[in-house]
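# Fold and geometry: a report
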Amino acid sequence: MAGASTKTHPDGGWGWCVVFGTFIATALGPGSFYASGVLFVAFLDAFGQSKAATSLVFTISGLVSVIMCSFGLAMSRRFGHRKTVMAAGVITFSGYLATSFTTSLYQIYITYAIAACGSGLSLVTSIEMVGLYFKHRLPLAIGLAMAGSGAGQFVLSIVTQLMVDRYGWRGTVMILAAMSANLCVAGALLRPLNNTQTKPKQYESISSNGILESIEMDTLNRQTRHIITRNSEIGVQNGERSAQKKLGCVHSIKLFLQSLYDASLFKEPVFYLILLTGVFHAVGQTIVIIHMVKRALEFRLSSTLSSFIPALMGLSQLTARPLWGALGNSDKLSKYALYAVCMAVCGISSIISNYTKSFTAQLLYIVVFGFCFGGYIILIPVVVTHFLGAKRMGYGITCVIQGQGVTALFIGPLAGWMRDSSGAYDSSFWLCGIAFLIAAIIALFLPVVDKMVMKRRKTSVSKRKTFRAGLSINLRKWWISELMTTV
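The structure presented is a predicted model; accordingly, all values stated were derived computationally and were not measured.

Across its full length, the protein holds 18 helices and two strands. Counting the 487 residues in the protein, one finds 53% classified as buried. Carbon and sulfur atoms form 67% of the exposed surface of the protein, whose accessible area is close to 21700 Å².

Dropping the structure here:
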């Protein structure tokens with residue numbers, strides 16, 4: 001058994017190159033989104049729209065990005081992880097390049113969303129590849145891989161501000177387009193394992209007679225292949241052949257759509273709690289990511305000093321994520337407790353930050369927030385694996401990220417509207433802190449609900465076995481009595 005596990009999960013070797021490729025992908029995807037506070041101010045000054053309308057650029061792109069995560073998983077089954085991430089690089093490059101030629105904020109809604117498509121296709125696809133290469137060192141590997149978003153935020157927030165000052169926002173977005181092309185390099189590092197992806201295909205081809213011979217659906221998280229075969233007689237008439245082709249095409253599309261999600265997740269009550277924690281901490285992190293630079297400016301900090309706030313947040317994440325990954329790798333520490341503590345600290349510090357308006361106090365807040373923010377982000381895959389199993393990690397992460405994206409679509413403009421209505425960001429960051437605290441409380445109930453469900457299932461299985469045993473005994477007695485009567 002150990003040998004089979006080692007073969008399936010090398011826990012090293014080329015896996016570290018995969019970790020580096022995922023590091024690049026997260027730096028150029030989520031890392032650039034977390035540095036969006038600088039571009040938010042640039043777009044605000046360039047187009048003169050309200051804060052709610054301007055923040056909608058990033059909330060729409062965030063929503064599109066998380067929706068595309070499911071399609072990224074489905075494409076990785078069909079074409080392989082490497083090709084999917086490389087295609088994501090081309091799409092992201094095209095979206096950013098088109099953004100540099102826009103003339104209105106409404107055009108940026110579309111072009112920035114195109115760039116977000118590429119980020120969504122590459123994010124979970126690359127993280128899932130890390131899960132193929134690692135098992136025992138999975139939390140540490142994920143911590144190192146997802147530290148890329150912290151590095152991206154640290155570098156891009158400073159560099160983006162400098163580029164905006166020197167080249168303007170159009171030149172800045174052009175440079176971001178060139179940088180995003182490195183996703184193709186990241187994808188090239190995602191070499192498939194021979195035992196899992198020698199032939200990364202999902203559907204067999206349709207035969208020359210127009211009959212769908214077989215449809216193969218490779219569900220990665222189940223690590224099993226469900227092969228649906230269908231044989232039919234060869235039609236003589238052209239009309240029959242055409243009908244068979246259409247039926248095969250519809251069946252293929254149906255299976256492709258089914259591959260976007262793992263339906264068994266929705267039968268797990270603990271999954272809904274994990275999803276709720278993701279939704280509530282998405283409320284908090286969206287407010288901080290989009291509005292922290294603008295709030296710093298309202299605290300009368302200069303634009304140069306304000307640009308250091310997201311940079312410092314990225315640096316603290318870069319430092320924290322491998323550390324939290326190592327802590328999550330320990331069997332002595334509770335994963336869900338670490339998860340809850342990180343979110344609770346984020347909530348409390350966000351509320352306190354309303355009353356500490358100096359540059360030093362804001363930097364201290366961002367260091368604490370970024371350190372714990374980096375913790376709960378990399379603990380999401382660990383918690384999903386702990387409660388739902390490693391086989392469903394990819395789909396579980398995707399659902400959580402999509403829940404966050406839908407939440408961000410409303411929270412970004414809502415926080416901007418609250419600022420415009422009240423004249424300050426105090427109410428927005430109170431909402432941020434309360435949402436984090438609710439998420440932390442829900443996280444503490446994860447093991448309780450999990451134990452209740454497991455106990456109920458064991459009781460149900462025991463009753464079923466008792467019923468079957470009793471039925472078998474009664475049938476045996478009836479058969480013997482009938483036999484004796486006949487004799």
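The next subject is the packing of helix 14 (residues 335-352) against helix 15 (residues 359-388). For the pair helix 14 and helix 15, the least separation of the axes is 8 Å and the interaxial angle reads 150 degrees. On the basis of their axis angle, the class for helix 14 and helix 15 is roughly antiparallel. Helix 14 and helix 15 meet at a crossing whose hand is left-handed. Residues Lys335, Tyr336, Leu338, Tyr339, Cys342, Met343, Val345, Cys346, Ser349 and Ser350 of helix 14 form the contact with helix 15, whose own contacting residues are Tyr365, Val368, Phe369, Cys372, Phe373, Gly375, Tyr376, Leu379, Ile380, Val382, Val383 and Phe387. Looking at the contact of helix 14 with helix 15, its residues break down into 18 nonpolar, three polar and one charged.

A word on helix 8 (residues 138-180). In this model helix 8 runs just 27 Å from its N-terminal to its C-terminal C-alpha over 43 residues, more than 12% under the 63 Å that 1.5 Å per residue would give. Roughly 120 degrees is the biggest bend found in helix 8, and it falls at Tyr167.

We now examine the packing of aromatic side chains. Applying the stated criterion across every chain, the model contains 19 aromatic pairs. Ring plane angle 90 degrees and centroid distance 6.4 Å describe the contact between Phe43 and Tyr112, whose orientation is recorded as edge-to-face. You can see Phe43 sitting in helix 4 (residues 36-47) and its partner Tyr112 sitting in helix 7 (residues 105-133), a full 69 residues away along the chain. Overall, the relative accessible area of 0% leaves Phe43 in the buried class.

Moving on: the state of the cysteines. Defined simply, a disulfide is a covalent bond joining two cysteines at their sulfur atoms. Summed over all chains, the structure comprises zero disulfides. Cys346 provides the cysteine sulfur closest to Cys432, a residue in no disulfide bond, and the two sulfurs are 8.0 Å apart. For Cys432, a relative accessible area of 0% translates into the label buried.

With that settled, consider the packing of helix 14 against helix 17 (residues 426-444). Their axes nearest at 7 Å, the elements helix 14 and helix 17 cross at an angle of 165 degrees. Accordingly, the angle class assigned to the pair helix 14 and helix 17 is roughly antiparallel. The crossing of helix 14 and helix 17 is left-handed. On helix 17, the residues that touch Tyr336, Tyr339, Ala340, Met343, Ala344, Cys346, Gly347, Ile348, Ser350 and Ile351 of helix 14 are Phe429, Trp430, Cys432, Gly433, Ile434, Phe436, Leu437, Ala439, Ala440, Ala443 and Leu444. Here the residues of the contact of helix 14 with helix 17 are counted per class, giving 18 nonpolar, three polar and no charged.

What follows deals with the side chain of Ser65. One can find Ser65 in helix 5 (residues 51-79). Taking relative accessible area as the criterion, Ser65 reaches 14% and is therefore assigned buried. Only 3.4 Å separates the side chain of Ser65 from the backbone nitrogen of Gly120, close enough to count as a polar contact. Dropping the residues within four chain positions of it, Ser65 is found in contact with Ala116, Ser119 and Gly120.

With that out of the way, let us pick up a nonpolar patch on the surface. A grouping of Ile441, Leu444, Phe445, Val448 and Met452 is seen on the molecular surface, where their side chains present a nonpolar patch of about 480 Å² in accessible area. Breaking the nonpolar patch down by element, the ones donating at least two residues are helix 17 and helix 18 (446-486). Mapped onto the fold, Val448 is located in helix 18.

Close inspection of predicted coordinates is inappropriate for parts of the model with low pLDDT. Taken residue by residue, the protein gives an average pLDDT of 78. The fraction at 70 or more is 77%. Per-residue pLDDT, averaged within each element of the protein, yields its smallest value for strand 2 (residues 224-229) (38) and its largest for helix 17 (93). With pLDDT under 50 throughout, residues 1-7 is counted as low confidence; its partners more than four residues away or in other chains account for three contacts. Throughout residues 196-238 the model reports pLDDT below 50, and contacts reaching past four residues in sequence, or to other chains, amount to 106 contacts.

Moving on: the pattern of salt bridges. For the coordinates displayed, the defined rule picks out two salt bridges. A salt bridge links Arg77 to Glu128; its shortest N-O distance comes to 3.2 Å. On the criterion of sequence distance, the pair formed by Arg77 in helix 5 and Glu128 in helix 7 is long-range, its members being 51 residues apart. When sorted by exposure, Arg77 lands in the same class as Glu128, which is buried. Salt-bridge contacts for Arg419 lead to Glu298; the nearest nitrogen and oxygen are separated by 2.6 Å. One end of the pair, Arg419, is in helix 16 (residues 393-422); the other, Glu298, is in helix 12 (residues 269-298), and 121 residues separate them in sequence. You can call Glu298 partly exposed: its relative accessible area is 30%.

Time to look at helix 7. With 29 residues, helix 7 should cover 42 Å at 1.5 Å per step; its first-to-last C-alpha distance of 42 Å lies within 8% of that length. Burial within helix 7 is extensive, with 25 of its 29 residues counted as buried.

Quick notes on the rules
Residues numbered from 1 in each chain as written. Predicted model: local features only at pLDDT ≥ 70, side-chain atom pairs only at ≥ 80, totals over all residues. Heavy atoms only, no water. Helix = DSSP H or I, 4+ residues; strand = E, 2+ residues; numbered from the N terminus. Buried < 20%, exposed > 50% of the residue type's maximum accessible area, 1.4 Å probe, protein only. Areas by Shrake-Rupley, 256 points an atom, 1.4 Å probe, with all protein chains shown as cover. Axes fitted to C-alpha atoms, helices over the stretch in contact; angles between N-to-C directions. Parallel < 35°, antiparallel > 145°, perpendicular 65-115°, else oblique. Left-handed = near helix turned anticlockwise from the far one by under 90°. Contact = heavy atoms within 4.5 Å. Nonpolar A, V, L, I, M, F, W, Y, C, P; charged D, E, K, R; others polar. Expected span 1.5 Å × (residues − 1). Bend = angle between axes of the 7 residues up to and from the residue. Phe/Tyr/Trp six-rings, centres within 6.5 Å; stacked < 30°, edge-to-face > 60°. Disulfide = S-S within 2.5 Å. Polar contact = N/O pair within 3.5 Å; in protein donor to acceptor, adjacent residues only side chain to side chain. Patch = residues over 30% accessible without salt bridge, like charges linked within 9 Å, V, L, I, M, F, W, Y side chains within 5 Å. Salt bridge = Lys/Arg side-chain N within 4 Å of Asp/Glu carboxyl O. pLDDT = per-residue confidence, 0-100.

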